[in-house]
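This is what each chain is made of:
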Amino acid sequence: MELVNKICDFVSYWYLQYILCTALYMLEPWERRIFNSFLIAVIAMSLYTSYLFLPGHAVVLMNFIKYVLGMPEDKSRVDDVFYSEGVRETG
């Protein structure tokens, strides 16, 4: 039970810091809920977009670095997302 109290104290301390640093303490509770909902939605969309697109961009970036350094390029499946077969030269 002591561990649960410590965790609750820790979370409430950081929530208070968040409220004070962002000046949300001046808002009414319903305004605070709207602001927090909007913030959570923006963070969720950013995480989803990063999860969806970042791996593909990382592979393309690594292939570009390998090309610049003169190393052989990976023929990865992720490249097909960015380049259609009609555009890419086969050789």
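The paragraphs below set out a description of the structure included in this document. Note that the structure is a prediction, hence the values are computed from the model and not measured.

Focus on the overall build of the protein
Then step 1. Helix and strand counts for the protein come out as three helices and zero strands.
Then step 2. Listing each helix as α and each strand as β along the protein from the N terminus yields α-α-α.
Then step 3. When the 91 residues of the protein are sorted by exposure, 7% land in the buried category.
Then step 4. When the accessible area of the protein is evaluated, it comes to approximately 8200 Å², of which 70% is carbon and sulfur surface.

Here's the deal with the packing of aromatic side chains
Then step 1. In this structure the tally under the stated criterion is three aromatic pairs.
Then step 2. When the centroid spacing of 6.4 Å and the interplanar angle of 65 degrees are considered together, the rings of Phe-10 and Trp-14 count as edge-to-face. Of this pair, Phe-10 and Trp-14 are both found in helix α1 (residues 2–21), four residues apart, which corresponds to roughly one turn of the helix.
Then step 3. In this structure Phe-10 comes out as exposed when scored by relative accessible area, which is 54%.
Then step 4. Relative to Tyr-18, the ring of Tyr-15 lies with its centre 6.1 Å away and its plane at 40 degrees, an arrangement referred to as tilted. Of this pair, Tyr-15 and Tyr-18 are both found in helix α1, three residues apart, which corresponds to roughly one turn of the helix.
Then step 5. By way of ring pairs, the aromatic residues Phe-10, Tyr-13 and Trp-14 are connected into one cluster.

Some points on helix α2 (residues 29–69)
Then step 1. Between its first and last C-alpha atoms α2 spans 56 Å; for 41 residues at 1.5 Å apiece the expected length is 60 Å, and the two agree.
Then step 2. Where α2 bends most, the angle comes to about 40 degrees, and this point is Phe-53, followed within four residues by the proline Pro-55.
Then step 3. When we look at burial in α2, the residues that qualify are Asn-36, Gly-56 and Asn-63.
Then step 4. Just past α2, the residue Gly-70 takes up positive phi, approximately 80 degrees.

A closer look at the packing of α1 against α2
Then step 1. Taken N-terminus to C-terminus, the directions of α1 and α2 make an angle of 100 degrees; their axes are 13 Å apart at the nearest point. The angle between the axes of α1 and α2 places the two elements in the roughly perpendicular class. Residues Tyr-15, Tyr-18 and Ile-19 of α1 touch α2, and the partners they reach there are Arg-32, Phe-35, Asn-36 and Leu-39.
Then step 2. In terms of residue class, the contact of α1 with α2 is built from five nonpolar, one polar and one charged.

What counts as what
- Residues numbered from 1 in each chain as written.
- Predicted model: local features only at pLDDT ≥ 70, side-chain atom pairs only at ≥ 80, totals over all residues.
- Heavy atoms only, no water.
- Helix = DSSP H or I, 4+ residues; strand = E, 2+ residues; numbered from the N terminus.
- Buried < 20%, exposed > 50% of the residue type's maximum accessible area, 1.4 Å probe, protein only.
- Areas by Shrake-Rupley, 256 points an atom, 1.4 Å probe, with all protein chains shown as cover.
- Phe/Tyr/Trp six-rings, centres within 6.5 Å; stacked < 30°, edge-to-face > 60°.
- Expected span 1.5 Å × (residues − 1).
- Bend = angle between axes of the 7 residues up to and from the residue.
- Axes fitted to C-alpha atoms, helices over the stretch in contact; angles between N-to-C directions.
- Parallel < 35°, antiparallel > 145°, perpendicular 65-115°, else oblique.
- Contact = heavy atoms within 4.5 Å.
- Nonpolar A, V, L, I, M, F, W, Y, C, P; charged D, E, K, R; others polar.

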